[in-house]
Amino acid sequence: MFVLSKMKDTVKIPPWQFNLVMNDAIVQTLNKKFANKVVHSVGLCIALWDVTKIEDSYILPGDGSSHTIVHFRYVVFRPFMDEIVAGKIRSSSKEGVHGEYKHLLDSLKYNSNCKSSVPV
C-alpha cells in the first residue's frame, strides 16, 4: 500500500530562496512539486522521506535560478493489484464510485476497473 520510492529530479531554486539553507530550499521545492500529486508509474506522492544525494548546482544562461539534480525517497501510495481497501462510499454515478478512505482524502474508482458490473 505505502512504499518508499527512489526518485531523481532537477530542482530549480529561485534567487529569492538563496538566503535559505540549501537543504531546506530543496525540501520545500520537492514537497511543493510532488506532495498530493500522482506521478505516472509511481503512484500518489504523500511526503518526502529523505534526500539521499545532492549533485552539483548549475545556473543556465539568462536564468538566475540554481538548478540542482537531487536523488531522494518519497512515501508513495501505490496499491497493488487485487488489494482490498476499506472505506465509505460517498456517491456513485455512471462515471464511477467516489469514496472516502482512511489514508486518503478522496478517490475515484471507475466501473470499468471493477471485477463485476454493479448497477449504479
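- Naming follows an unreviewed UniProt entry, where the protein chain appears as RNA polymerase Rpb7-like N-terminal domain-containing protein of Ridgeia piscesae.
- Regarding the protein chain, the relevant UniProt record gives this comment under Subcellular location (unreviewed entry): "Nucleus".

**Description of the overall build of the protein chain**
Here is step 1 of the chain: A tally of regular secondary structure across the protein chain gives one helix and seven strands.
Here is step 2 of the chain: When the elements of the protein chain are put in sequence order from the N terminus, they spell out β-α-β-β-β-β-β-β.
Here is step 3 of the chain: Looking at the protein chain residue by residue over its 120 residues, the buried ones come to 25%.
Here is step 4 of the chain: Partitioning the contacts of the protein chain with sequence separation of at least 6, the portion at a separation of at least 24 is 55%.
Here is step 5 of the chain: Surface exposure of the protein chain reaches about 8700 Å², of which carbon and sulfur atoms provide 57%.

**Some words on helix H1 (residues 22-34)**
Here is step 1 of the chain: Its 13 residues give H1 an end-to-end C-alpha distance of 18 Å, which sits within 8% of 18 Å, the value for a rise of 1.5 Å per residue.
Here is step 2 of the chain: Buried within H1 are the following residues: Ala25, Ile26, Thr29, Leu30 and Phe34. Down the axis of H1, the buried set is contained in an arc of 135 degrees. They therefore lie on one face.

**A short note on the sheet that holds strand S2 (residues 38-39)**
Here is step 1 of the chain: The four strands lie next to each other as S1-S4-S3-S2, forming an open sheet whose pairing is antiparallel. Each having just a single partner strand, strand S1 (2-13) and S2 make up the two edges of the open sheet.
Here is step 2 of the chain: Here S1 runs beside strand S4 (residues 66-77); their pairing, made up of 12 bridges, is antiparallel. Bridge assignment links valine 3 to a residue of S4, and that residue is valine 76.

**What about the side chain of serine 66?**
Here is step 1 of the chain: Summarising the element assignment, serine 66 is placed in strand S4.
Here is step 2 of the chain: Look past the residues within four positions of serine 66 in its chain and what remains in contact with it is Val11, Lys12, Ile13, Phe18, Ser57, Tyr58 and Ile59.

**Some details on the packing of aromatic side chains**
What describes a pair of aromatic rings is the distance from one ring centre to the other and the angle between the planes of the rings.
Here is step 1 of the chain: Across all of its chains, the model carries four aromatic pairs by this definition.
Here is step 2 of the chain: Their ring planes at 75 degrees and their centres at 6.1 Å tell us that phenylalanine 72 and tyrosine 74 sit as a pair that is edge-to-face. Each member of the pair, phenylalanine 72 as well as tyrosine 74, carries the same accessibility label: buried.
Here is step 3 of the chain: Joined through ring pairs, the aromatic side chains of Phe34, Phe72 and Tyr74 make up one cluster.

**What to know about the environment of tyrosine 74**
Here is step 1 of the chain: One can find tyrosine 74 in strand S4.
Here is step 2 of the chain: C-alpha separation for the pair tyrosine 74 and phenylalanine 34, spaced 40 residues apart in sequence, amounts to 8.8 Å.

**Quick look at the side chain of serine 65**
Here is step 1 of the chain: With respect to the helices and strands, serine 65 occurs in the loop between strand S3 (43-58) and S4.
Here is step 2 of the chain: Other than its neighbours up to four places away in sequence, serine 65 contacts Lys12, Ile13, Pro14, Pro15, Phe18, Tyr58 and Ile59.

**Considerations on the pairing of S4**
Looking down a regular strand, the side chains alternate between one sheet face and the other.
Here is step 1 of the chain: Extensive coverage of S4 is indicated by the burial of 10 of its 12 residues.
Here is step 2 of the chain: When S3 meets S4, the two strands line up antiparallel, connected through 10 bridges. Note that in S4 the partner of tyrosine 58 across the bridge is histidine 67.

Parameters at a glance
Residues numbered from 1 in each chain as written. Predicted model: local features only at pLDDT ≥ 70, side-chain atom pairs only at ≥ 80, totals over all residues. Heavy atoms only, no water. UniProt positions renumbered as here; feature names shortened; annotations may be inferred. Helix = DSSP H or I, 4+ residues; strand = E, 2+ residues; numbered from the N terminus. Buried < 20%, exposed > 50% of the residue type's maximum accessible area, 1.4 Å probe, protein only. Contact = heavy atoms within 4.5 Å. Areas by Shrake-Rupley, 256 points an atom, 1.4 Å probe, with all protein chains shown as cover. Expected span 1.5 Å × (residues − 1). Arc of directions from axis to C-beta. Pairing = 2+ DSSP bridges. Phe/Tyr/Trp six-rings, centres within 6.5 Å; stacked < 30°, edge-to-face > 60°.

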